Amino acid sequence: MKKTVLLLFSMLLLFFIVACGSEEEANVDAEETEEETEEIEEQEPEEEEISDEELIIEVIQLNLDAGNNEDIDLYMSTLHSDSPQYDLTREQLTQLFEVYDLQYTLDDIEVIEITGDEAEVRLIQTTEKLAGPEFQDNQVEALNRMKKENGEWKIYDTEIIEATYLNDEDTEAAVTDGEAIDFGGGLTLTDHGYAADGFYQYVVGTIVNESDSTYSYVQVDVSLTDENGNIIGGTFDNINNLEPGQTWEFEALVFDDGVAYYEIVDIFGYDLSVFDTDFDPSHLEVVDHKLVSDDYYSYVEGTIVNEGDETYSYVQIDISLYDEDGNRIGSTFDNINDLQPGETWKFEALIFEPNVDSYEIIEISGF
């Protein structure tokens, strides 16, 4: 009996030792497996973050893809909602896609600078007609200003640097580019050319007032002809209050199709001093003013109150317009008749120029 118990005890002891040994080996194996797993996890490379430069390029490429697919909602999703041309762009795209089938190609792109939540990108884009009425294929070099919105990069605005037409019959100037011409009175044309922004075409140029007088009004007139030299239309641009030594970068919108040549036929200016020389604007208080946009246009709007005791037969407010670099790119004005004592005038000066970043009220005149 003792032998049996002893034998049983010995077997149990042996089983316990073997079991403990197996458990210890299992623990060692488990620890080694965990260490190996940790080593493997440590060796796995972390996913690289996509740089701002790559994200910016993706947005611009998505913008072009949306244009090629005529997907307005996708196109608008690449634009910053605070862009001055945001609402107008949707309207223009709707009209453009209804009339044309265009192909957009990104030829080159360079992220020039990234500063915080803003960036500048230079790109070269080719636009070619696949279907639709007459259209001048073109290659445009442009500068995109990007801004972040809710943590994502968006296109805020675009400045056209240079446009080259790819059609066999490019639009040429009847007046040689770069030739400085004095049109009289010290109004000198220093440069000019033909430009496009993907939606519209323009005759653009620079005029300098080299006289000693301020011109209350200056206008440039442009004649447009087809490839056979037939006049098919015209265009113009104007500005108010061009002071001595001041430079005006004009932009005359072209509405006519089939334009092969243009000629700057006249630049003239005159003084709109039909007003009383004793006019005193001190009683006309500008209460408020701001730059606003609707679905189609931009305006400078504000409020003027006649705090005097006399009625003004005529009042005009003149406003200069500037781009983001501070260059004067145009002007606008509004006027009213018979402004009574104590009466409030809510003026609204329409802006035709694109890319207006700021403005300045330069004069209130009248009689």
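Note that the structure is a prediction, hence the values are computed from the model and not measured.

Undergrad: For the pairing of strand 3 (residues 138-149), give the residues involved together with the corresponding values.
TA: Burial analysis of strand 3 places 9 of its 12 residues in the buried class, which makes it a mostly covered element. Where strand 2 (residues 118-131) and strand 3 come together, 10 bridges link them in antiparallel fashion. The residue bridging Thr127 from the neighbouring strand is Asn138, located in strand 3.

Undergrad: Could you give an account of the nonpolar core, with specific residues and numbers?
TA: In this structure, Ile56, Ile60 and Met146 are the most contacted members of the largest nonpolar core, which totals 24 residues. The element best represented in this core is helix 2 (residues 52-68), accounting for 5 residues. Those residues in contact with Met146 that lie beyond four places of it in its chain are Ile56, Val59, Ile60, Asp117, Glu118, Ala119, Val121, Trp153, Lys154, Ile155 and Tyr156.

Undergrad: Give me the environment of Leu130: which residues, what numbers.
TA: One can find Leu130 in strand 2. Overall, the relative accessible area of 52% leaves Leu130 in the exposed class. Taking the C-alpha atoms as reference points, Leu130 and Gln103, 27 residues apart in sequence, are found 6.7 Å from one another. Among residues more than four places away in sequence, those in contact with Leu130 are Asp101, Leu102 and Gln103.

Undergrad: Go over unusual backbone geometry, please, and point to the residues and values.
TA: Unusually for a residue other than glycine, Asn150 sits at a positive phi of about 55 degrees. Asn150 sits in the exposed class, given a relative accessible area of 78%. The phi angle at Asn241 is positive, at roughly 55 degrees, despite the residue not being glycine. For Asn241, the position within the fold is in strand 10 (residues 231-242).

Undergrad: Go over the sheet that holds strand 14 (residues 298-306), please, and point to the residues and values.
TA: Judged by pairing direction, the sheet is antiparallel, and its 3 strands sit side by side in the order 13-14-17 without closing on themselves. This sheet does not close on itself; its edge strands, each paired only once, are strand 13 (284-293) and strand 17 (344-351). Along the sheet, successive strands turn relative to each other by an average axial angle of 20 degrees, direction set aside. Bridge analysis of strand 14 against strand 17 gives 8 bridges, and the strand direction is antiparallel. Paired with Tyr299 across the two strands is Leu350, which belongs to strand 17.

Undergrad: Describe the environment of Phe255, with residues and values.
TA: Inspection of the secondary structure puts Phe255 in the loop between strand 11 (247-254) and strand 12 (261-270). Separated by 54 residues in sequence, Phe255 and Gln201 have C-alpha atoms that sit 7.6 Å apart.

Undergrad: Describe the pattern of salt bridges, with residues and values.
TA: Inspection of the entire model under this criterion finds 9 salt bridges. Here Arg122 makes a salt bridge to Asp108, at a shortest N to O gap of 2.7 Å. Of the two residues, Arg122 sits in strand 2 while Asp108 sits in strand 1 (residues 101-115), which places them 14 residues apart along the sequence. Judged by its relative accessible area of 17%, Arg122 is buried.

Conventions we followed
Residues numbered from 1 in each chain as written. Predicted model: local features only at pLDDT ≥ 70, side-chain atom pairs only at ≥ 80, totals over all residues. Heavy atoms only, no water. Buried < 20%, exposed > 50% of the residue type's maximum accessible area, 1.4 Å probe, protein only. Helix = DSSP H or I, 4+ residues; strand = E, 2+ residues; numbered from the N terminus. Pairing = 2+ DSSP bridges. Core = buried A, V, L, I, M, F, W, Y, C linked by side-chain atoms within 4.5 Å. Contact = heavy atoms within 4.5 Å. Axes fitted to C-alpha atoms, helices over the stretch in contact; angles between N-to-C directions. Salt bridge = Lys/Arg side-chain N within 4 Å of Asp/Glu carboxyl O.

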